[in-house]
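As a plain string of letters, each chain reads:
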Amino acid sequence: MRQGTGKRAEAEKYFMIASTDNEKSMYRNVWVVSELLQGKIQPVTNELIGAARKLADTRKSEVWAVVMGFDPGMRPESLFSFGADVVLIAEDPGLSGFVDEMEADILAGWIRQYHPEIVLCGATTRGRALIPRVAVMTDCGLTADCTGLDIDPENGDLLQTRPAFGGNIMATIRCSNHRPQMASVRPRVMKAPDPDMRRTGRIIREDASGMSSGRVKKVLEVFHDSETAVNLADAQIIVSGGRGMKGKEGFDLLRQFAAKVGGAVGASRAAVDAGWIAYAHQVGQTGQTVQTKVYIACGISGQIQHLVGMQSCDLIIAIDKDPDTPMMQIADIAIVGDLFEIIPEIMKEIPQL
């Protein structure tokens, strides 16, 4: 192992900074940091386990799901059905509320103990508070908001693809000199595999009460704001509007359209920045990522920042006057014309539910 000086030397007392093939061989397996909300495992965890399974199969290694939370009713064995081989659980009543300092101490300690080759985390509010802290503690790089993951078969480097330069290009990033390799992935970018209830694995429970240096803060209360609870994530149909809606009144039409088809209302950043609709409805790189059955884009040109948030939808329908926009080019069905004429005509053809 290389010798360092100063702060780096101090870090190397506790963490192996892998730079040679022999040092890298110490690191094995793909870890997924499970996302919990009120003691329940969130769907992004299953999505990441599916992606981790493909990476681990390439490396002929295991998938470990890391669970840091306290809920006696939680069913960690459900993670096996999505592809996990091992579930590593931190048992500590102090983890009942998310405190990033505590979880970072625990996760960093486990990385020191078990030497994972790859660590994946959801790019959620919780993940964004946790995983950068762990990356600093372990002296590792971190690629945030990835939209694609692959393995270089020659050297085992994790190939991490994400939007760059304001979303205008897609960059593939690798970290050849350090292990573990860390990446965060936004929810609903990866598709969760179909669960296989026949799969089994092993559960490792560890007493984590002494693994943290203590709380710096604590959760006093959890509340839910109805305006920020727009459930785009679970909607099967999203009717989304952009600059072409021309104002707040245009989104009144989209709300009627969404109610008619049983969907939710989304928006582009341009519409949100204009104040036509609340940020909770924003789809795209700086909003929510969605994977719906049907995505109806109304008056959205389709800049890359928006496309990365919805391009995995099963069926994309675009309505716009301009047939040459990026959205119209990627749409499965492109309708050219005035959306204020087309949408009411479509609504007339939909039977009343």
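It should be noted that the structure appears before, not after, this text.
Residues numbered from 1 in each chain as written. Predicted model: local features only at pLDDT ≥ 70, side-chain atom pairs only at ≥ 80, totals over all residues. Heavy atoms only, no water.

Asker: Now, about the nonpolar core: what can you tell me, with residues and values included?
Answerer: Ranked by internal contacts, the top residues of the largest apolar core, which has 30 residues, are Ile-49, Leu-55, Leu-120 and Leu-149. Of the residues forming this core, the biggest block, 7 residues, is contributed by helix 3 (residues 43-59). Leave out the neighbours within four places in its chain, and Leu-149 touches Leu-55, Leu-120, Leu-158, Leu-159, Gln-160, Ala-183, Val-185 and Met-190. Among the nonpolar cores identified, the runner-up in size contains 24 residues, and Leu-95, Met-102, Leu-107 and Ala-208 belong to it. (Core = buried A, V, L, I, M, F, W, Y, C linked by side-chain atoms within 4.5 Å. Buried < 20%, exposed > 50% of the residue type's maximum accessible area, 1.4 Å probe, protein only. Helix = DSSP H or I, 4+ residues; strand = E, 2+ residues; numbered from the N terminus. Contact = heavy atoms within 4.5 Å.)

Asker: Describe in detail the pairing of strand 6 (residues 118-122), supporting the description with residues and values.
Answerer: Counted residue by residue, strand 6 has 5 buried out of 5 residues, so it is predominantly covered. Two elements, strand 1 (residues 30-33) and strand 6, share 4 bridges in a ladder whose sense is parallel. Its bridge partner being in strand 6, Val-30 is matched across the sheet by Ile-118. With 5 bridges joining them, strand 6 and strand 11 (residues 181-185) adopt parallel strand pairing. When the sheet's bridge partners are listed, Gly-122 is paired in strand 11 with Val-185. (Pairing = 2+ DSSP bridges.)

Asker: Which residues make up empty space enclosed by the protein, and what values go with them?
Answerer: Considering all chains together, one arrives at 1 cavity of 30 Å³ or more under this definition. There is about 40 Å³ of room inside the largest cavity. Lining of the largest cavity is provided by Asp-145, Thr-147, Pro-163, Arg-186, Val-189, Gln-285, Thr-289 and Val-308. Of the residues belonging to the lining of the largest cavity, the class tally is 3 nonpolar, 3 polar and 2 charged. (1 Å grid on protein atoms, 1.4 Å probe; cavity = no way out; pocket = protein on both sides within 12 Å on 5 of 7 lines; lining within 4 Å. Points joined across faces, edges and corners; volume = space filled by probe spheres on them. Nonpolar A, V, L, I, M, F, W, Y, C, P; charged D, E, K, R; others polar.)

Asker: So what's going on with the layout of surface pockets? Which residues, and what values?
Answerer: Roughly 390 Å³ of volume is contained in the second largest pocket. Taken together, 25 residues line the second largest pocket, and the ones lying closest to its centre are Arg-243, Ser-268, Ala-270, Ile-300 and Ser-301. Counting residues per element, the ones that place at least two in the lining of the second largest pocket are helix 7 (269-273), helix 8 (304-307) and helix 10 (339-349). Partitioned by chemical class, the residues of the lining of the second largest pocket number 5 nonpolar, 14 polar and 6 charged.

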